Amino acid sequence: MIEVIYFAWLRERIGVPRESLQTEALTVADLVAELSAREERYALAFGDLASVRVALDQELADFDAPLAGVREVAFFPPMTGG
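In this report, we go over the structure that sits alongside the text. (Residues numbered from 1 in each chain as written. Predicted model: local features only at pLDDT ≥ 70, side-chain atom pairs only at ≥ 80, totals over all residues. Heavy atoms only, no water.)

Details of the pairing of strand β5 (residues 72-76)
Consideration 1: In terms of burial, β5 is largely enclosed, as five of its five residues are buried.
Consideration 2: Judged by which residues are buried, β5 turns out to be covered on both faces: E72, A74 and F76 on one side and V73 and F75 on the other are all buried.
Consideration 3: Two strands pair when backbone bridges link them, and strand β3 (residues 53-56) and β5 are joined in this way by four bridges, in the antiparallel orientation. Opposite R53, over in β5, you have F76 as the bridge partner. (Buried < 20%, exposed > 50% of the residue type's maximum accessible area, 1.4 Å probe, protein only. Helix = DSSP H or I, 4+ residues; strand = E, 2+ residues; numbered from the N terminus. Pairing = 2+ DSSP bridges.)

Laid out in structure tokens, this is it:
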């Protein structure tokens, strides 16, 4: 079971802040594809991956990162700051 957390406009588009999922996904990209195929709201949220960042167990990761042993996946927009 993986806990998936959505932040900012991703949460607004998908409509939930978090959900627990059973998945066969091997990588973050596989998980995104699986989620996008569920419903249109997920497809819209993940339509432009250039504007989405991901963290696995609170560590920044890439979309080709493996999910083996991961307990938490968080999706959020790029952060800016100064």
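Remarks on the environment of L10
Consideration 1: Structurally, L10 is set in helix α1 (residues 8-14).
Consideration 2: Discounting chain neighbours no more than four positions away, the residues touching L10 are A45, F46, V52, F75, F76 and P77. (Contact = heavy atoms within 4.5 Å.)

Observations regarding the environment of S36
Consideration 1: Position of S36 relative to the elements: it lies in helix α2 (residues 28-38).
Consideration 2: The spacing of S36 and D57 is 21 residues in sequence and 21 Å in space, taken between C-alpha atoms.
Consideration 3: When residues no more than four places from it in sequence are discounted, the contact partners of S36 are Y42, A43 and F46.

So, the side chain of E19
Consideration 1: Inspection of the secondary structure puts E19 in strand β2 (residues 18-21).
Consideration 2: E19 sits in the buried class, given a relative accessible area of 13%.
Consideration 3: Polar side-chain contacts of E19 include one of 2.9 Å to the side chain of Y42.
Consideration 4: Look past the residues within four positions of E19 in its chain and what remains in contact with it is I2, E3, V4, Y6, L35, R38 and Y42. (Polar contact = N/O pair within 3.5 Å; in protein donor to acceptor, adjacent residues only side chain to side chain.)

Details of α2
Each turn of an α-helix holds 3.6 residues, which means side chains three or four residues apart point in the same direction.
Consideration 1: Within α2 the residues assigned to the buried category are V28, L31, V32 and L35. Relative to the axis of α2, the buried residues are bounded by an arc of 100° and lie together on one face.
Consideration 2: Among the structural elements, β1 (2-6), β2, α3 (40-45), β3 and β5 are those in contact with the buried residues of α2. (Arc of directions from axis to C-beta.)

Remarks on the packing of aromatic side chains
Consideration 1: Summed over the entire model, instances satisfying the criterion amount to three aromatic pairs.
Consideration 2: Residues Y6 and Y42 carry aromatic rings whose centres are separated by 6.4 Å and whose planes lie at 65° to one another, so their mutual orientation is edge-to-face. A residue pair is termed long-range when its members are at least 10 positions apart, and Y6 in strand β1 and Y42 in helix α3 qualify at 36 residues. Each member of the pair, Y6 together with Y42, is buried.
Consideration 3: Here F46 and F75 contribute two aromatic rings whose centre-to-centre distance is 4.9 Å and whose plane-to-plane angle is 70°, an arrangement assigned as edge-to-face. Of this pair, F46 sits in the loop between α3 and β3 while F75 sits in strand β5, and the two are 29 residues apart along the sequence. (Phe/Tyr/Trp six-rings, centres within 6.5 Å; stacked < 30°, edge-to-face > 60°.)

Function-wise, these values are silent; they only describe arrangement.
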